[in-house]
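What follows is the residue order along each chain.
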Amino acid sequence: MHPERANRKQPPSLRHEGHHSLSPNLSHDDYARLDFQMTSNFFVAQTVFSAAKKSWEYKQRYSFINQFKRDPVNRQEVREIMKKENLWKLWSSLKRNNQEMSYHTRGEIISREEKNILHNYKSQKKIYGKLKLNSKLNIPRYITKVDIHCMPNGYNADNGESLFAGSNYDTASLYLATGGELGKYSDGAGWANIAYIKKNFPEFKPKKILDLGCSVGHSTIPFKIFWPEAEVHAIDACASLLKFAYSRSNFLRSSINFHQQNAEFTEFDNNDFDLVASSMFLHEIPQKNLSNIGKEIYRILKPGGLMLHNEQPQYHGQAVEEQFFREWDTWYNNEPMRCAFRDMDLKKWVKKSRFCVKKFHDEIAPGAKNINGKVETDNKGFWFIFSAMK
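What you see is a predicted model, and the numbers here were worked out from it, not measured in a lab.

A. View of the pattern of salt bridges. Applying the stated criterion across every chain yields a total of 21 salt bridges. E113 serves as the salt-bridge partner of R112, at 3.2 Å between the closest nitrogen and oxygen. Its salt-bridge partner being K302, residue D274 comes within 3.6 Å of it at the nearest N-O pair. In this pair, D274 is assigned in strand β5 (residues 273–279) and K302 in strand β6 (residues 301–311), connecting sequence segments 28 residues apart. Overlapping salt bridges, with partners in common, bring together R75, R79, E327 and D343 in one network.

B. Representation of the packing of helix α1 (residues 28–68) against helix α3 (residues 86–123) within the structure. Taken N-terminus to C-terminus, the directions of α1 and α3 make an angle of 165°; their axes are 9 Å apart at the nearest point. It follows that α1 is roughly antiparallel to α3 by the angle criterion. The way α1 lies across α3 gives a crossing that is left-handed. Residue composition of the contact of α1 with α3, by class: 14 nonpolar, 8 polar and 6 charged.

C. Region of interest: unusual backbone geometry. One non-glycine residue, H149, adopts positive backbone phi at about 65°. Here H149 lies in the loop between α4 (141–144) and α5 (164–170). Look at H149 and you get buried, because its relative accessible area is 14%. Even without glycine at this site, A172 takes up a positive phi of about 50°. When you line up the elements, A172 lands in the loop between α5 and α6 (174–178). Classification of A172 as buried rests on a relative accessible area of 0%.

D. Structural view of helix α9 (residues 239–251). The end-to-end C-alpha distance of α9 is 18 Å, a good match for the 18 Å that 13 residues give at a rise of 1.5 Å each. Among the 13 residues in α9, 12 count as buried, and that is most of the element. For α9, every residue scored as buried is listed here: A239, S240, L241, L242, K243, F244, A245, Y246, S247, R248, S249 and N250. Structurally, α9 contributes buried residues whose contacts are with α3, β1 (130–132), α5, α8 (221–226), β3 (231–236) and β4 (256–260). At the C-terminal side of α9, R253 shows a positive phi close to 55°.

E. Representation of the environment of G305. Here G305 shows up in strand β6. Under the relative-accessibility criterion, G305 is labelled buried at 1%. Sequence spacing of G305 and M389 is 84 residues, and the spatial spacing of their C-alpha atoms is 5.6 Å. Filtering out sequence-adjacent residues up to four positions away, G305 remains in contact with D274, A388, M389 and K390.

F. Looking closely at the state of the cysteines. This model, assessed by the stated rule, comprises 0 disulfides. Of the cysteine sulfurs around C150, a residue in no disulfide, the closest is that of C339, at 15 Å. Here C214 stays unpaired: no disulfide links it, and the sulfur of C238, its closest cysteine neighbor, is 9.7 Å away. Classification of C214 by relative accessible area gives buried; the value is 3%.

G. Fine view of the packing of α1 against helix α2 (residues 75–82). Here α1 crosses α2 at 95°, and the two axes come no closer than 10 Å. By the angle between their axes, α1 is roughly perpendicular relative to α2. Listed contacts from α2 to A52, S55, W56, Q60, S63 and F64 of α1 are E77, V78, I81 and M82.

H. Fine view of the packing of aromatic side chains. Inspection of the entire model under this criterion finds 19 aromatic pairs. Relative to F68, the ring of F64 has its centre 4.5 Å away and its plane inclined at 40°; by these criteria the two rings are tilted. One end of the pair is F64 and the other is F68, both in helix α1 and 4 residues apart, which spans about a single turn. Looking at F64, the relative accessible area reads 3%, which means it is buried. Centre to centre, the rings of W91 and W328 are 6.0 Å apart; their planes meet at 55°, and the pair counts as tilted. With W91 in helix α3 and W328 in helix α12 (residues 328–332), this residue pair connects regions lying 237 residues apart in the sequence. Classification of W328 as buried rests on a relative accessible area of 4%. Taken together, F49, W88, W91, F324, F325, W328 and Y332 form an aromatic cluster joined through their ring pairs. Sitting over the face of the ring of W328, K95 holds its NZ or CZ atom 5.0 Å from the ring centroid. For the cation-ring pair, K390 lies above Y298, with the distance from its terminal atom to the ring centre recorded as 4.5 Å.

Conventions and cut-offs
- Residues numbered from 1 in each chain as written.
- Predicted model: local features only at pLDDT ≥ 70, side-chain atom pairs only at ≥ 80, totals over all residues.
- Heavy atoms only, no water.
- Salt bridge = Lys/Arg side-chain N within 4 Å of Asp/Glu carboxyl O.
- Helix = DSSP H or I, 4+ residues; strand = E, 2+ residues; numbered from the N terminus.
- Axes fitted to C-alpha atoms, helices over the stretch in contact; angles between N-to-C directions.
- Parallel < 35°, antiparallel > 145°, perpendicular 65-115°, else oblique.
- Left-handed = near helix turned anticlockwise from the far one by under 90°.
- Nonpolar A, V, L, I, M, F, W, Y, C, P; charged D, E, K, R; others polar.
- Buried < 20%, exposed > 50% of the residue type's maximum accessible area, 1.4 Å probe, protein only.
- Expected span 1.5 Å × (residues − 1).
- Contact = heavy atoms within 4.5 Å.
- Disulfide = S-S within 2.5 Å.
- Phe/Tyr/Trp six-rings, centres within 6.5 Å; stacked < 30°, edge-to-face > 60°.
- Lys NZ or Arg CZ within 6 Å of the ring centre and 35° of its normal.

If you want it as structure tokens, here you go:
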């Protein structure tokens, strides 16, 4: 989902975001600051970004053609000329400033509310699902050495001793970044995954599900809601995220089993799961590690099982200027593996992971929501989802 896509609706107030036992208490001023930031995001994405794109279309493209007597052949050539363009620099600097401003505000709130959050975590009676942490797990360097999304201390803040990383990723995070388009509990990707399965595999009813790189469980819980009889598991390498996810799922009365594991080398048995899924996970992984993950998914899937990933759309077939604008997060939002993933040939990755390429499918899928127990789509495609069956 790209916040810069055209014709988005004006975002609602942060007051409409879903709350649970670990949500910080927000004051009037907190809401005012966060609402300003969400509105600023919207303005930068819809107005300033549009101007930056027009500067390419009506100005810099012709400058390039006059100089080289041809159109650019790749995004690198577009970058070389656009990085001098003031409208692009304005959009880029405002977008980065909004990201940092968001973390600064939320960090102040979470630090102020930390004692209450920890008290609620410790006093909560957790009766749904299980949590299995592993203090000896070697956290991959691509997590510990990068503050992904510019998030202070990254996903592994305090080495998992506190709940800061989980709270930081949940509180006014995706809801603010997407203007509430993922729903009050930011679970839109999860419902889009289910809608994709319903459409393309209508007879598929998984009994055992695994969500990879689950973070705080935004996209995990829809699986349990839609398939209540299924046994749902979720893994992440970071303890702070998992502790937060476990508490959050209990508040929402969803029985999820959370495990601290590395997706490259899990502890699950061969042929264990009917469905292995992920949402916005693979594009944060280096190429050599992705190779391990693909083979591991194949190992733990049952014959006839489904692998599904909700991801960043591939660059193949996109105009070079569109590729340039979409690579911003790699250069300025601490997502160093993003471009490499979008340049991948996914069919080759699927084949190297031992899946049959003939059973590969991808599409730009519509958004989806759970409305009174029914999964309803909005007929606007903005999720890139791909899958393969074992």
